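Per-entry structural report
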Amino acid sequence: MNCDTTALREVIANFPMRVNPYFLNLIQSPGDPIWKQAIPDSAEIHDHVCTDDPLAEDFLSPVPNLVHKYPDRVLLLVTNQCAMYCRFCTRKRKVGTEKMIITDKTLEAGYTYLRQHPAIREVLVSGRTRRKSYF
Ligand code: SF4
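The sections below set out a description of the structure shown in this document. Please read all numbers here as calculations on a predicted model, not as lab measurements. (Residues numbered from 1 in each chain as written. Predicted model: local features only at pLDDT ≥ 70, side-chain atom pairs only at ≥ 80, totals over all residues. Heavy atoms only, no water.)

**Things to note about the side chain of Asn 20**
You can see Asn 20 is positioned in the loop between α1 (5–12) and α2 (21–26). On the basis of relative accessible area, Asn 20 is assigned to the buried category, the value being 18%. (Helix = DSSP H or I, 4+ residues; strand = E, 2+ residues; numbered from the N terminus. Buried < 20%, exposed > 50% of the residue type's maximum accessible area, 1.4 Å probe, protein only.)

Here's what the structure looks like:
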């Protein structure tokens, strides 16, 4: 498969790339739908229409890595690593980068926030972790 490595490097310098073997084997040819999902495109860094934070999650995060968008539901991010970095990711500004730091301290801040807000009935856990439960 051919790829413009110069453009690729330019994008990767801003947004990380990771493609797992399963998805890599699904690619039939450059530009096919799976390619577009997995392989960086220079359009990503020349997009001046969409904002870096299209879901405005940073404004809805009372503590790091927790998004409280609905009164009874939160999103809790427990890792900044994904098996593959999707090119359409709405969190690509920080997933897989040092802008998204997850430590025991940041997780504990999330757990404390949950304990302090009993109206929250649902916690969507994003990512996987081998950490023990603190609940
Ligand atoms: S957070 Fe979800 S959409 Fe974004 S790169 Fe990871 S798996 Fe893909």
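**Describing the site of the ligand**
The environment of the ligand is made up of Cys 82, Met 84, Tyr 85, Cys 86, Phe 88 and Cys 89. Grouping the constituent residues of the shell around the ligand by class yields six nonpolar, no polar and no charged. (Near = heavy atom within 4 Å. Nonpolar A, V, L, I, M, F, W, Y, C, P; charged D, E, K, R; others polar.)

**Observations regarding the layout of surface pockets**
Each pocket or cavity is described by its volume, and for the largest pocket that value is around 300 Å³. Glu 44, Asp 47, Cys 50, Thr 51 and Lys 92 are the residues nearest the centre of the largest pocket, which is lined by 15 residues in total. Of the residues assigned to the lining of the largest pocket, the class counts are seven nonpolar, two polar and six charged. Inspection of the lining of the largest pocket shows a minimum of three residues originating in each of domain 1 (1–49) and domain 2 (51–135). Of the volumes computed, that of the second largest pocket is approximately 240 Å³. Forming the boundary of the second largest pocket are 14 residues, of which Trp 35, Ile 39, Pro 40, Asp 41 and Ser 42 lie nearest the centre. For the lining of the second largest pocket, the secondary structure elements donating two or more residues are α1 and α3 (33–38). For the lining of the second largest pocket, the residue count by class is seven nonpolar, two polar and five charged. (1 Å grid on protein atoms, 1.4 Å probe; cavity = no way out; pocket = protein on both sides within 12 Å on 5 of 7 lines; lining within 4 Å. Points joined across faces, edges and corners; volume = space filled by probe spheres on them. Domains from an automatic or database assignment.)

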